[in-house]
Amino acid sequence: EPLAAIAHANLARFDQLLARRQYQTSLLSTLLAGVPGIGILTYGQGWNGYALLARIGLRRPREFCERLAALGVANSVGTYRLTPCDQRPMFAGFSRAPCPAAATFIESLLAVVVTEHDDDERIHRYADIISQEAARWADLY
């Protein structure tokens, strides 16, 4: 019930929240454009632009995401351990073979998590951390 109450209250300012998130995504995308090993996915028609999505072109991308999380850049793989549905325990009883395409896609995806409370300074800090770590990572691996 508490989450439903929060969601209900946020519906009244949905347009404002969406515009804020799209601005943050655009800013972070601009700051990371051209960073070697980080390929920003462009947002086509119909994409809500709610989160930065980038293809990681570095070795050991899951570990890279975990490193970013350890440095304070929350992301779907490193922080929340995103895995394909077919690899989740709740689906273990189904006899389908694993989907390597889903695993490959998720393993090489950087989805940075931001909130309405992340100001421009924090977005710039995230971009700096990602840029610096991508350069360091490329040198290590």
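Scroll up to find the structure this text is about.
One structure accompanies this document, and this report is about it. (Residues numbered from 1 in each chain as written. Predicted model: local features only at pLDDT ≥ 70, side-chain atom pairs only at ≥ 80, totals over all residues. Heavy atoms only, no water.)

## Let's talk about the nonpolar core
Counting residues in each nonpolar core, the largest one holds 25 residues, and the members touching the most others are Leu 28, Phe 64, Leu 110, Val 112 and Ile 130. Mapped by element, the contributors of at least two residues to this core are helix H2 (14–32), strand S2 (52–56), helix H3 (61–70), strand S3 (109–112) and helix H5 (120–140). Top element by residues in this core is H5. It accounts for seven residues. (Core = buried A, V, L, I, M, F, W, Y, C linked by side-chain atoms within 4.5 Å. Buried < 20%, exposed > 50% of the residue type's maximum accessible area, 1.4 Å probe, protein only. Helix = DSSP H or I, 4+ residues; strand = E, 2+ residues; numbered from the N terminus.)

## Some words on H3
Those residues of H3 not exposed but buried are Pro 61, Arg 62, Phe 64, Cys 65 and Leu 68. Angular distribution of buried residues about the axis of H3 spans 160 degrees; they occupy a single face of the element. In the core, the buried residues of H3 are packed alongside strand S1 (38–40), S2, helix H4 (100–107), S3 and H5. Once H3 finishes, Gly 72 follows within two positions and takes phi at roughly 100 degrees, a positive value. (Arc of directions from axis to C-beta. Contact = heavy atoms within 4.5 Å.)

## A closer look at the side chain of Glu 133
With respect to the element layout, Glu 133 can be found in helix H5. Here Arg 67 takes part through its side chain, which lies 3.2 Å from a polar atom of the side chain of Glu 133. Among all residues touching Glu 133, those that are not within four sequence positions of it are Phe 64, Arg 67, Leu 68 and Leu 71. (Polar contact = N/O pair within 3.5 Å; in protein donor to acceptor, adjacent residues only side chain to side chain.)

## Examining the pattern of salt bridges
Taken as a whole and assessed by the stated rule, the structure comprises six salt bridges. The partner of Arg 122 in a salt bridge is Asp 118, and the shortest N-O contact between them spans 2.7 Å. Close ionic contact of Arg 136 with Glu 133 constitutes a salt bridge, the shortest N to O distance being 3.0 Å. Of the two residues, Arg 136 and Glu 133 both sit in helix H5, three residues apart, roughly one turn of that helix. You can call Arg 136 partly exposed: its relative accessible area is 31%. Via salt bridges that share partners, Arg 67, Glu 133 and Arg 136 belong to a single interconnected network. (Salt bridge = Lys/Arg side-chain N within 4 Å of Asp/Glu carboxyl O.)

## A short note on unusual backbone geometry
Notably, Arg 60 is not glycine yet its phi reads approximately 55 degrees, a positive angle. With respect to the helices and strands, the residue Arg 60 is situated in the loop between S2 and H3. A positive phi is found at Arg 81, a non-glycine position, where the angle reads about 55 degrees. Within the secondary structure, Arg 81 sits in the loop between H3 and H4. For Arg 81, a relative accessible area of 49% translates into the label partly exposed.

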